[in-house]
Amino acid sequence: MTPDTVLDGNTDADATLAHVVAHLPPAFQNAACVFQWSASMGLEQGRVRVHLWYWLDRPVSDAEAKAWLKSSPVDLNIYDPVQVHLTANPGLEDGVADPIDHRVGLYRPDGSVDTVVVPDGLSDCGDGQPRIHRRRVMGGQIDPQAIVRDPATDRVIDGRERFLLLKSNNATRALIRDRGPEDLSVDEIAGQTWARFSAEADLSDGRYSYSDAEAEAERRLEEVRRDAFPFKANDPTILPQPSAGPFYDMDPVDKETGEARLDDALTDFFGDVDAGGRMALRITPGAGKTRKTIAHLQRYLAGAFAKRVEIYVPRHDLAEEYVEAIEALPGPFHAKLVHVRPRLSDRPDAPDLCLRPDYVRSLREAGVGIFHNACRSNTGEICAQYDACPYIGQFSDPELWGDDSHGNVVRIYVHAYLGLPRIPPQRDPHVVIIDEAFLDEVLDATSFLTPSQLKKFLVSGTGTPVGRIVFDALEQNRPALSDLREAGVTAEDLRAMSFEGIRPATVFTGTETGAVSVEGDAHLHRTLCTVREILADEMDLGRDHLSRLVYDPHNERVRIAHVTPPPIPDDAAVLCLDATGDPVLLEKILGPVDVRRIDIHQQAFITQVIDRVGSQKSWVGDRQSVDDLALMVNTAAAHGERPLVITYKRIAERLRGRDDLHPAVRVMHFGALRGSNVGKDCTVAYIVGRYMPPPAEIDLLARGLFWDDDEPLQHDAGGQFAKSDQNENLPTQERGYVLSATNPAAETGMNVRAFSDARIDALLRQTREAETIQALGRLRLVHADHVRPVFLLSNLPAEVPVDRFAAMADIMPDTLERAFLQTGNLPTTPVGLQKFRPDLAKTPEQAKKVLQRSKLRTSTWLSGLPQAVRLATYQLAFMAENAGKSRKHSHIFLAPPPHEHIGAGSITYLPVNAWIEQLEAGKGADTETVGWGALKAPWLGYFGDKTL
């Protein structure tokens, strides 16, 4: 069927509709429906646009509809309560014929049914993530994903199959705690599983019985006996367990399909810009979203006039890359292009734009707003340099017909501008493009007041000690707003509190060029005004407890969280480009957003450790592991690899500070990854640990973002500020890994520290899990020319298909691996080890034990290194005499780095004669070691060759 036929609503309507319906979930594909060609169908070529009406066997919520249709080419915005549904026929001028003869009709495929059956298991979720905000916690464990309980009975009504698996895991762990696998029975496991499951699950429909528990028990017992899962661990967060499936719903497509979907999404956005639509593209890092967006922007501007476009990027170096990419475009770019730079430069190679830099710098240091105190006052006074000011000049728009710009202008800002008010010279944009995550710029939790400041300055006009009442309530976990009401304080009283005594005293001058001193405390005044607004707004909400003010007893501070709405007009079209954007968070800032998710296959083989959380504390306190990591990447680099290490900032600084770090090794740290291309040419990556901010900081951010939700936040004890000796852990939630098609493991899950409120947990994942995805994205694996090995040295399940699980000990060097990588050679027999490495084994018994405990003869030998190193390991077998007896021995050598690279291969010269001479002469770690003497029948081959 040709595209022209498929897209013709007149000559072959049924075939066109069949083509459309084939992209819907299976339940719709054999059902009759009413169709209506949209107003643009027939007027815009090359696309099918149609409204379809189906009759369902039960009502579905908006959230259920989104979950059901999220993978289909459907406009999910119609399932937002505030979205207008546009179904009118096109309005055509007199004399213009409608290209579609019949816009409304009945589509009934052969053998069709009249009712669509809604599938079981549709939970209130979107994008694969929980939409049920408050989740049940029992025994420190959160209900798994997709578990839905009846609010009236608290019994599980949806996700029961997953819940039964969870309870069988719990039963098996409880039974095996003090006994061996041989002592377990199916009956015992089934009995405890059913007791746990039936106590919490709704059994009224008769779909589950004891036999289901027996089936799970048989699987658990079989897993125990073949050691598939350990079921024993002191720490639940390092205990892999059977899982019902992955936590993240991924369906990666090939590069070409992904690029086509990206093009389609961008076409939809720029084709509907004038309607002010808002779209977020959640696409795999390194897929080329920036390049594609610039190309679509160029096409949009070719037919646009007097349009203002704003692009926001994390840093100025990325803004410069944007400018370079736009200037390198083929053909004209019909817009004035401006990289908006700050008034005052903090770089020695960049000049200040302000023509009164010393004066303005002194205002900035005092924390005073610049524009109304130095550029143009509220009373009309103006800086003498205003008209000539390069900074102000950045905001002037071009003339409509003055040049080839069409009167369009594209300004590129850094994200920091999203947290600042728009100054008068900045006119509202028509289009806003935000590249990478920007939440940190509009959601702030760094401000605080000391208890004394709160008590001193927050006093009502009638003398009521507002600050003291608030502090006492926060310190004692009392309802602060209720206490204020009992004291007779109203929201109007709170808004009437004045802090004029500390307000900075500034006098506008348009001619002063030198630094000035400013009396007052601008920062304190601003913080007090924020607290005043928080108290009044939350009292208006009618609640008892404060949300956005929290007392931190360890640091003795009252912490403050609040959102500064980005200066984006309501009618502007907004496009967010973020590989890890979360719909819940984006919609809280931007309102309804059409989130398009595009997962693209990445050219990587991912090995993930299963038995190590990889906390910062564990790595900072383990110098040997850091030394071993340096040894591994140095060895890889010496053999032609370009390793990338991404880790905690403290570990990254320790690696960068090493004198022996190979120049080909690249080191980055969590929190400074987005948008960076440092690792794009790297060939192997080690992602060490996982970025985990203090839970109390995440909880505080959530308070600032979700304070006014209809449903109050559910706070966990482990997410609250406490004295240093009173910290608690967050509860855990079982989450399944995403397994690649080549991973032989059974469905596997891990208990992960999480928040019981899905909204707070979304903020945690935006930092912790998202940073792992961003780390992986630094390799630009979508367009890589070959598969690159990646080692995830943390067991955190993330949105990435895992090819192989491994123990941390399998990845990191053991004693003999370390010795081999350090010296480039190693004896592989007890006698040879004692002879050449007496530092490792002084007696025959010690030598045997060292070899037995090592990975030398296992498949995990050097498994934490790329193939280039493993293939560079050669074994030299030979006959030699020792104590009057001639026996077979062997020694392994690490080949020198490649001498020459040819295409994808390389040439390495093996110094075999030097190796033999070394063995005969006895040059080992101890320069006094005695060699073998003359070797007989030496035979060289790859290490692991069984013929040796």
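Analysis parameters
In this numbering scheme, every chain counts its residues from 1 along its sequence in written order. The predicted origin of the model limits local features to residues at a pLDDT of at least 70 and limits the giving and counting of side-chain atom pairs to 80 or more, whereas totals for whole chains, interfaces and linings rest on all residues. Here the side-chain values reflect all heavy atoms present in the structure, with hydrogen atoms and water set aside. What counts as a helix is a DSSP run of H or I of at least four residues, what counts as a strand is a run of E of at least two, and both are numbered from the N terminus. Here, expected helix span is obtained from the residue count minus one, scaled by 1.5 Å. Burial classification: accessible surface area is computed with a 1.4 Å probe over protein chains only, and a residue below 20% of its type maximum counts as buried, one above 50% as exposed, and the rest as partly exposed. Within this document, salt bridges are pairs made up of a side-chain nitrogen of Lys or Arg and a carboxyl oxygen of Asp or Glu, the two lying within 4 Å of each other. Working definition: rings of Phe, Tyr and Trp (its six-membered ring) pair if their centres are within 6.5 Å, and the pair is stacked with planes under 30 degrees apart, edge-to-face with planes over 60 apart, and tilted otherwise. Distance and angle both matter: a charge sits over a ring if NZ of Lys or CZ of Arg is within 6 Å of the ring centre and within 35 degrees of the ring normal. What makes a nonpolar core is a set of buried Ala, Val, Leu, Ile, Met, Phe, Trp, Tyr and Cys residues whose side-chain atoms join them at distances within 4.5 Å. Segmentation into domains, and thus their bounds, comes from an automatic or database assignment. For this analysis, residues touch if any pair of their heavy atoms sits within 4.5 Å. Two strands pair under a simple rule: DSSP has to find at least two bridges between them. Helix axes are fitted only over the stretch in contact, all axes being lines through C-alpha atoms; the angle between N-to-C directions runs from 0 to 180 degrees. Residues enter patches when their relative accessible area tops 30% and they take part in no salt bridge; the joining distance is 9 Å for like charges and 5 Å for the nonpolar side chains Val, Leu, Ile, Met, Phe, Trp and Tyr. Methods summary: accessible areas were calculated by the Shrake-Rupley approach with a probe of 1.4 Å, and residue burial reflects only the protein chains presented.

**Re helix α8 (residues 289–302)**
Then comes step 1: Spanning 14 residues, α8 covers 20 Å between terminal C-alpha atoms, matching the ideal 20 Å at 1.5 Å per step.
Then comes step 2: Burial in α8 covers these residues: K289, K292, T293, I294, H296, L297, Q298, Y300 and L301.

**Re the pattern of salt bridges**
Then comes step 1: Overall, the coordinates contain 59 salt bridges when judged by the stated rule.
Then comes step 2: R548 serves as the salt-bridge partner of E538, at 2.9 Å between the closest nitrogen and oxygen. Within this pair, whereas E538 is found in helix α18 (residues 522–540), its partner R548 is found in the loop between α18 and β18 (549–552), the two being separated by ten residues in sequence. The pair E538 / R548 is uniform in exposure class, with both members buried.
Then comes step 3: With a shortest N-O distance of 3.0 Å, D599 and R597 are connected by a salt bridge.
Then comes step 4: Judged by relative accessible area, D599 falls into the buried class, the value being 13%.
Then comes step 5: Salt bridges linked by common partners bring R136, D143, R149, D154, K167 and E200 together as one network.

**Thoughts on the packing of aromatic side chains**
Then comes step 1: Per the stated rule, a full pass over the model turns up 25 aromatic pairs.
Then comes step 2: Considering the side-chain rings of W194 and F197, the 5.8 Å spacing of their centres and the 40 degrees angle between planes classify their relative orientation as tilted. Taken together, the positions of W194 and F197, both in helix α5 (residues 186–200) and three residues apart, correspond to about one turn of that helix. Pair check on accessibility: W194 and F197 agree, each one buried.
Then comes step 3: A ring pair is formed by Y312 and Y413, whose centres lie 5.1 Å apart and whose planes are at 15 degrees; its orientation type is stacked. On the criterion of sequence distance, the pair formed by Y312 in strand β12 (residues 308–313) and Y413 in strand β14 (residues 409–414) is long-range, its members being 101 residues apart. Assigned by exposure class, Y312 and Y413 land together as buried.
Then comes step 4: By way of ring pairs, the aromatic residues F163, W194, F197, Y208 and Y210 are connected into one cluster.
Then comes step 5: Stacked on the ring of W707, the Lys or Arg R548 has its end atom at 3.6 Å from the ring centre.
Then comes step 6: The positively charged end of R759 is found above the aromatic ring belonging to F706, 6.0 Å away from the centroid.

**A look at the nonpolar core**
Then comes step 1: If you look at the biggest cluster of nonpolar residues, it comprises 78 residues, and the most contacted ones within it are W619, Y686, V790, L793, L826 and W861.
Then comes step 2: Looking at this core, you find at least three residues from each of domain 5 (604–809) and domain 6 (815–942).
Then comes step 3: With near-sequence residues (within four places) excluded, W619 lies in contact with G614, S625, V626, Y648, I651, R654, V688, G689, L793, M808 and M812.

**Remarks on the environment of V118**
Then comes step 1: Counting through the fold element by element, V118 comes out in the loop between β3 (104–107) and β4 (125–126).
Then comes step 2: It is 9.8 Å that separates the C-alpha atoms of V118 and E64, two residues lying 54 residues apart in sequence.
Then comes step 3: When residues no more than four places from it in sequence are discounted, the contact partners of V118 are L56, D57, R58, V60 and W68.

**What about the side chain of T527?**
Then comes step 1: Mapped onto the secondary structure, T527 falls in helix α18.
Then comes step 2: Overall, the relative accessible area of 4% leaves T527 in the buried class.
Then comes step 3: When residues no more than four places from it in sequence are discounted, the contact partners of T527 are S447, F448, L449 and I560.

**Remarks on α18**
Then comes step 1: A rise of 1.5 Å per residue sets the reference length of α18, with its 19 residues, at 27 Å; its end C-alpha atoms lie 27 Å apart and thus fit the reference within 8%.
Then comes step 2: Just beyond α18, the residue with positive phi is G542, at close to 85 degrees.

**Considering the sheet that holds strand β2 (residues 50–53)**
Then comes step 1: With antiparallel pairing, three strands are arranged side by side in an open sheet as β2-β1-β3. Each edge of the open sheet carries a strand with a single partner, namely β2 and β3. For this sheet, the mean inter-axis angle between neighbouring strands, taken without regard to orientation, is 25 degrees.
Then comes step 2: Here four bridges tie strand β1 (residues 33–37) to β3, and the two strands are oriented antiparallel to one another.

**Side note on the side chain of S362**
Then comes step 1: Along the chain, S362 turns up in helix α10 (residues 357–365).
Then comes step 2: A residue is classified by how much of its surface remains accessible, and S362, at 7% relative accessible area, is buried.
Then comes step 3: If we ignore the near neighbours within four places in the chain, the residues touching S362 are A515 and V516.

**Re the domain arrangement of the protein chain**
Then comes step 1: Entries for the protein chain in the domain assignment read domain 1 (13–125), domain 2 (148–232), domain 3 (255–439 + 566–598), domain 4 (448–560), domain 5 (604–809) and domain 6 (815–942).
Then comes step 2: One C-alpha centre belongs to domain 3, the other to domain 6; they are set 60 Å apart.

**Looking at the environment of I100**
Then comes step 1: Mapped onto the elements of the fold, I100 is located in the loop between α3 (62–69) and β3.
Then comes step 2: Through-space distance from the C-alpha of I100 to that of D785 is 47 Å; in sequence the pair is 685 residues apart.

**Some remarks on the sheet that holds strand β30 (residues 804–806)**
Then comes step 1: Spatial ordering of the open sheet is given by β25-β24-β26-β29-β23-β30, a layout of six strands whose pairing is parallel. Unpaired on one side and paired on the other, β25 (666–669) and β30 mark the two borders of the sheet. Neighbour to neighbour, the strand axes of the sheet diverge by 20 degrees on average, direction disregarded.
Then comes step 2: Bridge count between strand β23 (residues 604–609) and β30: three bridges; the pairing is parallel. By the bridge assignment for β30, Q608 is matched with F805.

**Some remarks on unusual backbone geometry**
Then comes step 1: Phi angles above zero are rare outside glycine, and H406 is one such case at about 65 degrees.
Then comes step 2: With respect to the helices and strands, H406 occurs in the loop between α12 (390–393) and β14.
Then comes step 3: A positive phi angle is found at E436, which is not glycine, with a value near 75 degrees.
Then comes step 4: Among the structural elements, E436 can be located in the loop between β15 (431–435) and α13 (439–442).
Then comes step 5: The exposure class of E436 is buried, given its relative accessible area of 8%.

**Some words on a nonpolar patch on the surface**
Then comes step 1: A grouping of V34, W53, V104 and L106 is seen on the molecular surface, where their side chains present a nonpolar patch of about 380 Å² in accessible area.
Then comes step 2: With respect to the helices and strands, the residue V34 is situated in strand β1.
Then comes step 3: A relative accessible area of 35% means that V34 is categorised as partly exposed.

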